[in-house]
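# An overview of the molecular structure
Take a look at the letters that make up each chain.
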Amino acid sequence: NAGVTQTPKFRVLKTGQSMTLLCAQDMNHEYMYWYRQDPGMGLRLIHYSVGEGTTAKGEVPDGYNVSRLKKQNFLLGLESAAPSQTSVYFCASSHTGGEGLYEQYFGPGTRLTVT
Amino acid sequence: AQSVTQLGSHVSVSEGALVLLRCNYSSSVPPYLFWYVQYPNQGLQLLLKYTSAATLVKGINGFEAEFKKSETSFHLTKPSAHMSDAAEYFCAVSGRGNAGKSTFGDGTTLTVKP
């Protein structure tokens, strides 16, 4: 089991460029999440998905879009990157119930710098 | 609505000393509570979780936490700190009917001095 994987691990963008971050999980989880982590601010939820073909906004969705075309993949897009989007991005997935109720499994993160 | 407050962004202890990391929560539904650990340049890993069974929860690496409803707290403890415990720790709250979404605290960085 690879768990949750993220690509790329690092990326530098210029302001206005676009990119897509890929998250994949092999645990057959229904729920998937994208967070950003900034110093002293914990993790903030960007978007999430409760199943294939569904997405919803989290706490800080502006400037990001997501898609979940396959159950195992959750993509995060930046259409026009801004310096304020410099951050570390984490993807996570979770069960829907039972003893694994809402415990989240995290990927290793993508460190993004926008200049 | 749910929220988490971690008291103390930085905690420093000596090796062998007690570790106490504080977490208070707010939730409008019965909460599920978690502690995660993050080592440098890695993702978060689950340490332990409370899901309405025993109020004293034991986790990995000798950590435990006690759910106290009257105090709305879920503090993390370890009797004897080890150098390898140095990391950032996050408390999180979730609840039924919330699409599994967790709200995370701002984190506490634990430093262990030799």
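Shown above is the structure to which this text applies.
The present account deals with the structure reproduced in this document. Small disclaimer: the values here were computed from a predicted structure and weren't measured.

Let us look at the nonpolar core. Residues and elements named next belong to chain B. Residues Trp35, Leu47, Leu48, Phe74, Leu76 and Tyr89 are the most contacted members of the largest nonpolar core, which totals 27 residues. Elements represented by at least two residues in this core include exactly β2 (10-14), β3 (19-27), β4 (31-38), β5 (44-50), β7 (64-68), β8 (73-78), β9 (87-95) and β11 (108-113). Residues in contact with Phe74, not counting those within four places in the same chain, are Cys23, Leu33, Phe34, Trp35, Leu48, Tyr50, Ala65, Glu66 and Phe67.

It is worth spelling out the sheet that holds strand β6 (residues 56-58) of chain B at this point. Residue and element names in this part refer to chain B. With antiparallel pairing, the five strands of this open sheet are ordered in space as β1-β3-β8-β7-β6. In this open sheet, the two edge strands, each paired with only one partner strand, are β1 (2-7) and β6. Here the strands of the sheet are splayed against their neighbours by 20° on average, with no regard to which way each runs. Across six bridges, β1 lies against β3 in antiparallel orientation. Counted as the bridge partner of Gln2 is Ser27 from β3.

What the rule picks out here adds up to 12 aromatic pairs over all chains. Pairing Phe106 of chain A with Tyr36 of chain B gives two aromatic rings, centres 5.6 Å apart and planes at 80°, and the pair type is edge-to-face. Placement of the pair is Phe106 of chain A in strand β10 (residues 104-106) and Tyr36 of chain B in strand β4, with the two residues belonging to separate chains. Among the residues examined, Phe106 of chain A registers a relative accessible area of 11% and is labelled buried. We classify Tyr36 of chain B as buried; its relative accessible area is 0%. Between Phe106 of chain A and Phe104 of chain B, the ring centres sit 6.0 Å apart and the planes meet at 80°, which makes this aromatic pair edge-to-face. Separated into two different chains, Phe106 of chain A in strand β10 and Phe104 of chain B in strand β10 (residues 103-104) make up a pair that spans both. Look at Phe104 of chain B and you get buried, because its relative accessible area is 7%. Each member of the aromatic cluster is reached from another via a ring pair, and the members are Tyr33, Tyr35 and Phe106 of chain A together with Phe34, Tyr36 and Phe104 of chain B.

Analysis parameters
Residues numbered from 1 in each chain as written. Chains lettered and ligands numbered in written order. Predicted model: local features only at pLDDT ≥ 70, side-chain atom pairs only at ≥ 80, totals over all residues. Heavy atoms only, no water. Core = buried A, V, L, I, M, F, W, Y, C linked by side-chain atoms within 4.5 Å. Buried < 20%, exposed > 50% of the residue type's maximum accessible area, 1.4 Å probe, protein only. Helix = DSSP H or I, 4+ residues; strand = E, 2+ residues; numbered from the N terminus. Contact = heavy atoms within 4.5 Å. Pairing = 2+ DSSP bridges. Axes fitted to C-alpha atoms, helices over the stretch in contact; angles between N-to-C directions. Phe/Tyr/Trp six-rings, centres within 6.5 Å; stacked < 30°, edge-to-face > 60°.

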